[in-house]
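Letter by letter, the chains look like this.
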Amino acid sequence: MPTVIFQLPDGTERKVTAASGTVLMQAAVSNGVAGIVAECGGNASCATCHVYLDAAQSELAGGPNDVEDEMLDFTAAERRPTSRLSCQVQLSDALDPMLVHVPEEQV
Amino acid sequence: MSADRPGVAGVVVVGGGQAGFSVVSTLRAGGYDGPVTVFADEPHLPYQRPPLSKKAHTEPDELRVSLVPESFYGERDIELRLGDDVVALDTADRTVRSRAGLSVPYAHLVLATGARNRPLPVPGADLAGVHAVRSLDDALAVGRALTTAQDVVVIGGGFIGLELAQVARARGARVTVVELADRLLSRAVSPQLAEHLRRRHEESGVHVHTGTAVQAIEGTDRVRQVVTSAGTLPADLVVYGIGAVPRDELARDAGLAVDDGVLVDEQLRSVSDPRVSAVGDCARHPHPHAPGLVRLESVQNATDQGALVGRRLAGQPPAPYANLPWFWSDQGAVKLQIAGLRAPSDDVRLVAGDTPGRLAAYAFRGGRLAAVETLDWPAEHLAARRLLERETPVLADELTDTTLGGLARARRAAEVRA
């Protein structure tokens, strides 16, 4: 069960666990992590589950797919090299513990 | 009444859908510490509705569609009354009474009652094998029926009908869509884009009959065929989606102003009673993007209106409701997205994307961009939302040799330089 540590914009942290293979967005939403809106429910339609991965883990997690890559240009908070849509990131034992930075705004 | 603080009037929310959930989660996030009670007439935890018609679940899958786990409500001291609905509202006493007989006082009441399917007004609509899809239980019933159905007739060529047509097609059924209007999605998208979408459905093997009326559904024990103005179609499963009507009778019976939805002001308060608000599918409200009053049926609208009322009731400074409306529909492999509200008189320009299948329809009003519909082009949809939310308008002649994505990037670069 990988652990995910969400670092929120106000400096606080939320630690949750979820099964390997779970989508990162789902792990956030089902634990009520503030700041991950996921308006479309995880269909890569809305870009309101934008997160910044930890720089050291970003490469291990893989990059965005083509559609996600285009969508990341239009997120509410600025795009950075480690930006992902959390509905497209799967948890894995290799990323345990996973560090995720939640941006200031989503919509 | 809230179990631990009997008799103390707090916030009562009628409805456990996306709008009601948004109200209570925003209330607690905003620091409201009074009693909060939600009446949800379905037995399930508040859940996402969009996947129901896009997937037609084959097994109970509540964990995957629930908005948050049950512990969310307990941790926030939100009393969630599943399987109970408010049946009477007394605005003078500021009390609601539930079907189960509970009487709860309120300081503020939020109506988040949603909408119900418009009933199918033809003989045979009550036969076994005829389904609408609005609830999780509806979707489970259709999912089960699709495991054996071979001939599926979909009545209604709107979002729900077309989503279900693709689900049935993916399960291997022969599928026919019957639509009364002369084109698909006549209320929701431009004729130009709808024509392309029709082609995509037909290419996937779905038969589409527009300008066709359903006259009767026939069968003995269960549905066997559908009689239409263009002939008779064999059917062992019929699903229909011909629009929805707001569930506003509680408000009407209580004497609140109602006209195809609970009438509210720009703060989403009932125009008849400032102690009552209405949000989501059941609310008719002013909006800066639309003339007169509008009632919007979408997740975005439900979520944003619920959040506005939740913030207001938590004591934050009120702001008028002005969120940009947006919609999406996954019809099989085709992703349809809409930003803004198109008017029938808008000038529509179709723009092809850089890869096959990508398409956008820009709707201009008085030379300014007012709404954008896209097929399989989420980035262009997001760019449209960014640009339509800004106060600087997008003019038609700015888009002669660039897409919205290109324009958004150019404007952002100009901002950075300035």
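Heads up: the structure comes first, above all this text.
These numbers come from a predicted model, not from an experiment.

Just to check I follow, could you spell out the sheet that holds strand β2 (residues 13-17) of chain A for this structure?
Either a parallel or an antiparallel arrangement is found when strands of a sheet pair, and the pairing is made through backbone hydrogen bonds. All names here are of chain A. What the 5 strands build is an open sheet, ordered β2-β1-β5-β3-β4; its pairing is mixed. Each edge of the open sheet is held by one strand with a lone partner, namely β2 and β4 (83-85). With direction set aside, neighbouring strand axes in the sheet form an average angle of 35 degrees. Inspection of the sheet shows strand β1 (residues 3-7) paired to β2 by 5 bridges, in the antiparallel sense. The residue of β2 that forms the bridge with isoleucine 5 is lysine 15.

Help me understand the interface of chain A and chain B in this model?
By a frequent convention, interface size equals the accessible area lost on bringing the separate parts together. On the side of chain B, 26 residues touch chain A, which itself brings 20 residues to the contact. Both sides of the chain A and chain B interface together cover about 1900 Å² of buried area, and 48% of this is carbon and sulfur. Applying the counting criterion to the chain A and chain B interface returns 3 salt bridges. Top contributing element to the side of chain A that touches chain B by residue count: helix α3 (residues 66-71) of chain A, with 3 residues. Residue classes in the side of chain A that touches chain B are distributed as 9 nonpolar, 8 polar and 3 charged.

For this particular structure, what's the right way to read the packing of aromatic side chains?
For any pair of aromatic rings, the description consists of the separation of the ring centres together with the inter-plane angle of the planes. Residues and elements named next belong to chain B. For the coordinates displayed, the defined rule picks out 5 aromatic pairs over all chains. Taking 5.6 Å as the distance between ring centres and 75 degrees as the angle between the ring planes, the aromatic pair formed by phenylalanine 72 and tyrosine 73 counts as edge-to-face. Its relative accessible area of 3% is what places tyrosine 73 among the buried residues. Joined through ring pairs, the aromatic side chains of Phe21, Phe72 and Tyr73 make up one cluster. Between the NZ or CZ atom of arginine 385 and the centre of the ring of tryptophan 326, over which it lies, the distance is 3.9 Å.

Looking at this structure, I do not really get the state of the cysteines. What am I missing?
A covalent bond bridging the sulfur atoms of two cysteines is what the word disulfide describes. All names here are of chain A. Here the structure, examined in full by the defined rule, presents 0 disulfides over all chains. The cysteine cysteine 40 is free of any disulfide, with cysteine 46 supplying the nearest cysteine sulfur at 3.7 Å. The closest cysteine sulfur to the non-disulfide-bonded cysteine 49 is located on cysteine 87, 3.9 Å from its own sulfur. The buried category is assigned to cysteine 49, whose relative accessible area is 3%.

Where do I start with the pairing of strand β20 (residues 290-294) of chain B in this structure?
All names here are of chain B. Inspection of the sheet shows strand β19 (residues 283-287) paired to β20 by 3 bridges, in the antiparallel sense. Paired with histidine 287 across the bridge in β20 is alanine 290. The loop that links β19 with its antiparallel partner β20 comprises 2 residues.

Any chance you could explain helix α11 (residues 404-417) of chain B here in plain terms?
An α-helix turns once per 3.6 residues; consequently, residues spaced three or four apart project the same way. Residues and elements named next belong to chain B. For α11, spanning 14 residues, the distance from its first C-alpha to its last is 20 Å, which sits close to the expected 20 Å at 1.5 Å a residue. Every buried residue belonging to α11 is among Leu404, Gly405, Leu407, Ala408 and Arg411, and all of these are buried. Down the axis of α11, the buried set is contained in an arc of 165 degrees. They therefore lie on one face. The exposed residues of α11 that point more than 90 degrees off its buried face are Val416 and Arg417.

Looking at this structure, I do not really get the environment of threonine 303 of chain B. What am I missing?
Residues and elements named next belong to chain B. Note that threonine 303 resides in helix α9 (residues 299-313). Between the C-alpha atom of threonine 303 and that of phenylalanine 21, which follows or precedes it by 282 residues, the distance is 8.1 Å. Apart from the residues within four sequence positions on either side, threonine 303 is in contact with Gln18 and Ser22.

Sorry if this is basic, but what is going on with the nonpolar core here?
Side chains of a nonpolar character, in soluble globular proteins, are inclined to be buried together. Phe6, Leu24 and Met98 of chain A together with Tyr362 and Leu404 of chain B are the most contacted members of the largest nonpolar core, which has 50 residues in total. Breaking this core down by element, the ones donating at least two residues are β1, α1 (24-29), β3 (50-53) and β5 (98-101) of chain A together with β24 (359-365), β25 (368-375), α10 (378-389) and α11 of chain B. At 6 residues, the largest contribution of residues to this core is made by α10 of chain B. Ignoring any residue separated from it by four or fewer positions in sequence, one finds tyrosine 362 of chain B in contact with Asp347, Val348, Arg349, Val351, Leu369, Ala371, Val372, Glu380, Leu399, Thr403 and Leu404 of chain B. Judged by nonpolar contacts, the second largest core, of 46 residues, contains Val24, Tyr32, Ala251 and Ala254 of chain B.

Rules of the game
- Residues numbered from 1 in each chain as written.
- Chains lettered and ligands numbered in written order.
- Predicted model: local features only at pLDDT ≥ 70, side-chain atom pairs only at ≥ 80, totals over all residues.
- Heavy atoms only, no water.
- Pairing = 2+ DSSP bridges.
- Helix = DSSP H or I, 4+ residues; strand = E, 2+ residues; numbered from the N terminus.
- Axes fitted to C-alpha atoms, helices over the stretch in contact; angles between N-to-C directions.
- Contact = heavy atoms within 4.5 Å.
- Buried area = accessible area lost by both parts, 1.4 Å probe.
- Salt bridge = Lys/Arg side-chain N within 4 Å of Asp/Glu carboxyl O.
- Nonpolar A, V, L, I, M, F, W, Y, C, P; charged D, E, K, R; others polar.
- Phe/Tyr/Trp six-rings, centres within 6.5 Å; stacked < 30°, edge-to-face > 60°.
- Buried < 20%, exposed > 50% of the residue type's maximum accessible area, 1.4 Å probe, protein only.
- Lys NZ or Arg CZ within 6 Å of the ring centre and 35° of its normal.
- Disulfide = S-S within 2.5 Å.
- Expected span 1.5 Å × (residues − 1).
- Arc of directions from axis to C-beta.
- Core = buried A, V, L, I, M, F, W, Y, C linked by side-chain atoms within 4.5 Å.

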